[in-house]
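Structural characterization, general
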Amino acid sequence: MKRLITLICLMLLTYFGVQAQTASVTGTVTDVTGNPLPGVVVTIGVSQVTTDANGTFSATGIGYGKLDVSYVLSGYGTISQSIEVNSPSQNLGLMQLKLSGATTEQQTEGSITTLEMDDDYKDQYVAGLLHSSNDVFVSTAGYTLSAGYFRPRGYDNEYNEVMIQGLVLNDPETGRPNFSDWGGLNDATRFKESSFGLTPTRYSFGGLGGSTDIDVRPSHQKKQVKVSYAYSDRSYRHRVMATYSTGLMKNGWAITASASGRFANAGYVKGTPYQAYSYFLAIEKKINDKHSISFTGFGAPQKKGMQSASVQEVYDILDNKYYNPNWGYQNGEVRNAKIRNSHEPVMMLSHFWDINKTTKMTTSLGYSFGRTSTTSLNWYNASDPRPDYYRYLPSYMEDSTIADLVTANWQNNESVSQINWDYLYQVNLLSNLGGEQAKYILEERRLDHNQIGLSTHINKEVNNNIFVSGGLNLSYYKSHNYKVISDLLGGDYWIDIDQYAERDFPSDTSILQNDLNNPNRKVGVGDVYGYDYDVRINNANIWGLAEFTYSHIDFYAALNLSGSQFWREGNMKNGRYVDNSYGKSDKHTFYNYSAKAGATYKVTGRHFFVLNTGYFNMAPNFSDVYQAPRINNNVVPDIKTKKIFSVDLSYIMRTPRIQGRITVFETMFWDDTKVSSFYHDDLRTYVDYVMVGINKVNQGIELGLEVKIIPVLSATLAGSIGNYRYTSRPTAYVSTENGAASDTSETVYAKYFYLAGTPQTAGSFGLKFNHPKFWYANVNVNVFANNWVDFNPARRTSNAIDGLGDGDPLIASITEQTKAFDKPQFTLDASLGKSFKIKKYFINLNASVSNILNNQNLITTSYEQMRFDYLEHNVNKFPPKSYYGFGRNFFLMASFRF
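Here the structure is a predicted model, which is why all the values come from computation and not from measurement. (Residues numbered from 1 in each chain as written. Predicted model: local features only at pLDDT ≥ 70, side-chain atom pairs only at ≥ 80, totals over all residues. Heavy atoms only, no water.)

Bringing the overall build of the chain into the picture now. The number of helices and strands found in the chain is 9 helices and 45 strands. The globule rule puts the C-alpha radius of gyration for 898 residues at 29 Å, and the 28 Å found for the chain is close to it. If you line up the chain on its principal axes, its C-alpha atoms span 90 × 60 × 55 Å. Of all 898 residues assigned to the chain, the portion counted as buried reaches 56%. Summarising the internal contacts of the chain: among those between residues at least 6 apart in sequence, 70% fall at separations of at least 24. Just so you have it, the chain exposes about 37000 Å², and 55% of that area is on carbon and sulfur atoms. Once the 82 positive and 83 negative side-chain charges of the chain are each reduced to a mean point, those two points are 11 Å apart. (Helix = DSSP H or I, 4+ residues; strand = E, 2+ residues; numbered from the N terminus. Rg over C-alpha atoms; globule rule 2.2 N^0.38 Å. Buried < 20%, exposed > 50% of the residue type's maximum accessible area, 1.4 Å probe, protein only. Contact = heavy atoms within 4.5 Å. Areas by Shrake-Rupley, 256 points an atom, 1.4 Å probe, with all protein chains shown as cover. Lys, Arg positive; Asp, Glu negative; His and termini not counted. Charge placed at Lys NZ, Arg CZ, Asp CG, Glu CD.)

A side chain with one charge can pair with a side chain of the opposite charge if their charged atoms come near. Overall, the coordinates contain 33 salt bridges when judged by the stated rule. D648 serves as the salt-bridge partner of R153, at 3.4 Å between the closest nitrogen and oxygen. One end of the pair, R153, is in the loop between α3 (136-142) and β8 (160-164); the other, D648, is in strand β33 (residues 642-654), and 495 residues separate them in sequence. Side by side, R153 and D648 carry an identical accessibility label, which is buried. Among the charged side chains, a salt-bridge network with shared partners connects D135, R153, D648, R661 and E702. (Salt bridge = Lys/Arg side-chain N within 4 Å of Asp/Glu carboxyl O.)

Attention now moves to the sheet that holds strand β7 (residues 89-97). Overall, mixed pairing links the 3 strands, which are arranged β4-β1-β7 in an open sheet. Two strands lie at the open edges of the sheet, namely β4 (56-63) and β7, each paired on one side alone. Across this sheet, the average inter-strand angle for adjacent strands is 25 degrees, counted without regard to direction. As paired strands, strand β1 (residues 22-31) and β4 are joined by 6 bridges and run antiparallel to one another. Among the inter-strand pairings, T26 is bridged to a residue of β4, identified as S58. (Pairing = 2+ DSSP bridges. Axes fitted to C-alpha atoms, helices over the stretch in contact; angles between N-to-C directions.)

This next bit is on the sheet that holds strand β44 (residues 881-884). With respect to topology, 3 strands assemble into an open sheet ordered β18-β44-β43, the strand pairing being antiparallel. Two strands bound the open sheet, and with one partner strand each, they are β18 (310-311) and β43 (859-863). Pairing geometry for β18 and β44, over 2 bridges, is antiparallel. Bridging across to β44, V311 finds its partner in K881.

We now examine the packing of aromatic side chains. In total, this model carries 45 aromatic pairs according to the counting rule given. With a centroid separation of 4.9 Å and 70 degrees between ring planes, the pair formed by Y389 and Y390 is classed as edge-to-face. Judged by relative accessible area, Y389 falls into the buried class, the value being 15%. Pairing F566 with F622 gives two aromatic rings, centres 5.8 Å apart and planes at 75 degrees, and the pair type is edge-to-face. In this pair, F566 is assigned in strand β29 (residues 553-570) and F622 in the loop between β32 (607-618) and β33, connecting sequence segments 56 residues apart. With relative accessibility at 3%, the residue F622 sits in the buried group. Three or more aromatic residues link up through ring pairs in this structure, and these residues are Y389, Y390, Y392, Y396 and F878. Taking NZ or CZ as reference, K587 lies 4.4 Å from the ring centre of W567, over its face. Above the ring of F205, the side-chain terminus of K596 is found at 5.0 Å from the ring centroid. (Phe/Tyr/Trp six-rings, centres within 6.5 Å; stacked < 30°, edge-to-face > 60°. Lys NZ or Arg CZ within 6 Å of the ring centre and 35° of its normal.)

Attention now moves to helix α7 (residues 421-433). Between its first and last C-alpha atoms α7 spans 19 Å; for 13 residues at 1.5 Å apiece the expected length is 18 Å, and the two agree. Within α7, burial applies to W421, L424, V427, N428, S431 and N432. End-on, the buried residues of α7 take up no more than an arc of 145 degrees, which puts them together on one face. In this structure, α7 carries L430 and L433 as exposed residues pointing more than 90 degrees from its buried face. G435 lies just past α7 and shows a positive phi near 70 degrees. (Expected span 1.5 Å × (residues − 1). Arc of directions from axis to C-beta.)

Counting buried positions along β1 gives 8 out of 10 residues, so the element sits mostly inside the fold. When β1 meets β7, the two strands line up parallel, connected through 7 bridges. Along β7, the bridge assignment pairs T26 with N91.

With that settled, consider the environment of V734. Take V734: it is sitting in strand β37 (residues 731-736). We classify V734 as buried; its relative accessible area is 6%. Separated by 45 residues in the primary sequence, V734 and Y689 have C-alpha atoms spaced 4.8 Å apart. Residues contacting V734, with those up to four places away along its chain left out, are L683, V687, D688, Y689, S742, D743, T744 and E746.

As for its position among the elements, D534 is in strand β28 (residues 528-549). Despite its burial, D534 pairs with no opposite charge, the nearest such side chain being K478 at 4.3 Å. In contact with D534, not counting residues within four places along its chain, are K478, S479, H480, W567, R568, E569 and N571.

Glancing now at helix α5 (residues 400-412). Counted at 1.5 Å a residue, the expected span for α5 with its 13 residues is 18 Å, and the 18 Å between its end C-alpha atoms agrees. What α5 keeps buried is the set A403, V406 and W410. For α5, the angular spread of the buried residues around the axis is 60 degrees, confining them to a single face. Turned more than 90 degrees away from the buried face of α5 sit D404, L405 and N412, all of them exposed. N-cap assignment for α5: the residue whose side-chain oxygen lies 2.7 Å from the backbone N of T401 is D399. (Polar contact = N/O pair within 3.5 Å; in protein donor to acceptor, adjacent residues only side chain to side chain.)

Turning next to unusual backbone geometry. Residues other than glycine predominantly adopt negative phi, and peptide bonds predominantly adopt the trans conformation. The phi angle at Q165 is positive, at roughly 55 degrees, despite the residue not being glycine. Classification of Q165 as buried rests on a relative accessible area of 6%. Of note, N851 is a non-glycine position whose phi angle comes to about 55 degrees, a positive value. When you line up the elements, N851 lands in the loop between β42 (841-850) and β43. The buried category is assigned to N851, whose relative accessible area is 4%.

The analysis is restricted to geometry; functional conclusions fall outside its scope.
This is the structure we're talking about:
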């Protein structure tokens, strides 16, 4: 700490003691044919700028002396040079970038990895970072390490902000960006300005984990026609993409249109059909030298079969780490019970105003709407239809002979190991003969949303040393959450009641009703049942940033003020919550602030120290406040805003041969909340389990290093060692959904438990070969370790060990946290590419193979089931469920552009 204070003092003394002598550096970047390249990230020392529609850039406040300059654009080879800044205005002239093998699948697809979970575990959605910088650690974490579901600094992606033309795209209910809304539109969304961590941005205040603004202006797209085809054995088999851009025409108009389709009868995991389309249209008109307006519309309708996790016993019985319990055969065809459908189009109007040479303003008005839905099996007074239900497994059988027979059935009969659709239809037909309701149905859980958003931000260069930015964001959001009957599976009807309340209160005909306004209602295909409610969320924030650049020190400060309000409106009067389910709930309003600041001390033009620090006071998300929004207006006790303090210190080296960064960081979270619902074996009903007072710390060190061995060969090393833990004993509030028991509270003894969902240690060593004649090859060896199983908090309470004596070995087995895998896991990846130019035509060929050695022991996510055997304290009765990373897989792509 003394050294850190000394460094800060030294930086401040240097600032006040040195008279600034800075320069303005300009230049132009084109491709080899002379066409301007917009969106190129030009790094001069530690300053970064992006080329405009004409391929030009201008950076101010650049200190005198020797500096390294790099030019980075996805799909093109990176160029680095050393310059001597010795005059107030310096033009670097023309720089031409060549097409290269940078367009591997990871760079054409972006680093998006979506994990579909079953009903017991909905809190895990992992996505890699989008970026357009040349930071070795960031690019490796976002691409190479994403196969292991590595999250930089252990942050959930609700702390990563994603925008298009400044308009925030994060889901207002969960705070997370939904990358699938623009999936398949790689060419149209390729230009991005991104920041990592607390580093400042000029288009928003930024998130804790960073932010990305996607530039979709047609005038920034180069004139081209591009068609590509890809073949893979991952989520989809075939992908076709086509993009047309006019560039900025002489009449002031610019148009970009793009479309794609991705298909698979089954992906890498059996029973996961994939059908997705994407469309994009942007039209821009340059009115004059100061004003341009544009319209942008895009969407990505998709339908895909989902995979669910299972227990290790099943994987071992079938010798298949990619077993999927969601499907079975119907009439000889594979049918998945969990199908995800989504289509949420976005339309935007944007105005770009160059007020003068030093001041620019961008304003966007957007509207999004659409639906996401997921189908799932439901049943009434019948056996569980899920094939891997614990009572159907050999481990549940007390007789070893019977267990052997069950094992043989699992291995030889797919009507046992998969969903038996024929059996479900047969049971329902027998119910029809008795005039009874269907025993099994397929339901569809829907979320229909509408959102209006307004964003505006302004950038002002005050002088050569000072740059200020500021903006305003407003949004109004409404969603309709409900479920319908998707398929009666041969049955005649379904009655809209709660079967657990019916069991516990047989003489009370009111308490079992899901909707007292329509009691004992018979529902059929397409009818709403079970739950029906609306969510309304209003958000507003205003932010400002000031950046100061001098010869030996740069520093910045930013402030964000925000307000949010949300409430629930029930459309059904639930029989268990007569006075607390129908109509509007109370409105919950929060006013918050966040601030961050940082400084860069420039030892020389090649060696830098960077310090960032930030404090976030954040309103809780809607999903963290309401206990059971499906059936009532209840909220978590003592709602508090979330507080976060973060600091990081980096040393950066940039020389012609070596570029690297080493960073130490620590982030502390206070007053977090987690809401979950599950079947409680002791209470014999579904419960809402709310943990409040969750404090956490994420601390660690990250390294990114690239060394140019020879002009065509570079070595990279990137990795992170983290320590992500809980630092408090949260309080859990338990309430039963059927109203059979009073609400209770209990202490969760989870202090110093590890955070799950990401390997806390991960790294990659790679070799990159780029030949001047447009050949490239990459090889990476990756390692993942210290990935922890997400724990069931109910097992870490005094209730879970009730009746056990002091020193009973069962106490340790019940309460201790375990790792997802004991030994570090390694994978090997390689890619190869070649670019051709024949007259005015460009052809790119790319091939990549991931996990070449076919390591099938890498568990990406593991979580304990929320059920527990309170009577016998048998921890093996409900073992953890896990997902395994893909074994060997490939991606091939060919693109044609002119």
